[in-house]
Amino acid sequence: MRIYTKRGDDGTTGLLFGGRVPKNAKRIEVNGAVDEAQAALGVARAELARGSELADLLVAIERDLWVLMAEVATAPANRRKLVAGTSLVTPEMVAALEGRIDELNERFEMPTEFVVPGQNRVAALLDVARTVVRRGERLVVTAMADLDTQVGPYLNRLSDLLWTMARWQEGEHLLSRKEPENR
């Protein structure tokens, strides 16, 4: 099998279950951001010990993102062909992210103000992934506004989870405001 098909040379890309759209279509922009976020998560995961709790959590998220991208890459006329949890984001997938956030929040004291990213490499990479997920979330607002979908809520919770995971990995947080020296 060849990796190149040449079908995209005309500036279009194929959709799941058929159809083609321009490569700059709003849905494709969403998937581009999600693909970029997934790659950033892979870079963060590459910094971790295989089988560690965080590495396993990142693999699960990366797999969820394939589900999400399948839904985004499906024309509205073909949504009936999507399978919950396989090619369609479900409310349970969103709830699972909320559960992970709540569980992590119990492990450390969450900062009450903005933090300066970059306390360590893994936390910084998680913050990069978070910002890319946020871009995808912003793009979903226009790309899928007319659909009943969990893609937007999933990306919103994922960015919250990534923020939480970055703070968890930091341990000690560098706050955005400098502490007064006379305290």
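Residues numbered from 1 in each chain as written. Predicted model: local features only at pLDDT ≥ 70, side-chain atom pairs only at ≥ 80, totals over all residues. Heavy atoms only, no water.

### Some points on the environment of Glu71
Selection criterion: Helix and strand definitions follow DSSP, with helices as H or I runs of at least four residues and strands as E runs of at least two, each counted in order from the N terminus. Contact definition: two residues touch when any of their heavy atoms are within 4.5 Å. Two N or O atoms form a polar contact when they lie within 3.5 Å of each other; inside protein one atom must be a possible hydrogen donor and the other a possible acceptor, and for residues adjacent in sequence the pair counts only when both atoms belong to side chains.
Within the secondary structure, Glu71 is located in helix 2 (residues 53–72). Each C-alpha atom, one on Glu71 and one on Lys81, is 9.9 Å from the other, the two residues being 10 residues apart in sequence. With near-sequence residues (within four places) excluded, Glu71 lies in contact with Arg27, Arg79, Leu82, Ser87, Leu88, Val89, Met144, Thr149 and Val151. Within the structure, Glu71 has its side chain in polar contact with the side chain of Thr149 (distance 2.5 Å).

### Here's the deal with helix 2
Spelled out, the test is: Any helix carries an expected span of 1.5 Å times its number of residues minus one. Each residue gets one of three labels from its accessible area relative to the maximum for its type: buried under 20%, exposed over 50%, partly exposed in between, using a 1.4 Å probe on protein chains only.
Between the first and last C-alpha of helix 2 there are 29 Å, a value that for 20 residues agrees with the 28 Å anticipated at 1.5 Å per step. Burial of helix 2 is extensive: 14 of the 20 residues sit out of reach of the surface.

### Section: the pattern of salt bridges
What counts, and what does not: One speaks of a salt bridge when a side-chain nitrogen belonging to Lys or Arg is within 4 Å of a carboxyl oxygen belonging to Asp or Glu.
Counting across every chain of the model gives 12 salt bridges. The salt bridge partner of Glu170 is Arg167, with a shortest N-O separation of 2.9 Å. Here Glu170 pairs with Arg167, and both are found in helix 5 (residues 151–170), just 3 residues apart, close to one helical turn. Each member of the pair, Glu170 as well as Arg167, is classed as buried. Overlapping salt bridges bring together Asp127, Arg130, Arg167 and Glu170 as one network.

### Comments concerning the side chain of Thr74
Tracing the sequence through the fold places Thr74 in the loop between helix 2 and helix 3 (91–105). Assessed through its relative accessible area of 0%, Thr74 is described here as buried. Residues in contact with Thr74, not counting those within four places in the same chain, are Leu16, Phe17, Arg27, Arg79 and Leu82.

### A few points about the confidence of the model for the protein
Convention followed: Per-residue confidence from the predictor is reported as pLDDT, which spans 0 to 100.
Looking at the protein as a whole, the pLDDT averages 93, with 94% of positions reaching at least 70. Here strand 1 (residues 12–14) is the element of the protein with the lowest mean pLDDT, 93, and helix 2 is the one with the highest, 98.

### Observations concerning unusual backbone geometry
One non-glycine residue, Lys6, lies in the positive phi region at around 70 degrees. Lys6 sits in the exposed class, given a relative accessible area of 58%. At Phe17, a position not held by glycine, the phi torsion is positive, near 70 degrees. Inspection of the secondary structure assignment puts Phe17 in the loop between strand 1 and strand 2 (20–22). With relative accessibility at 38%, the residue Phe17 sits in the partly exposed group.

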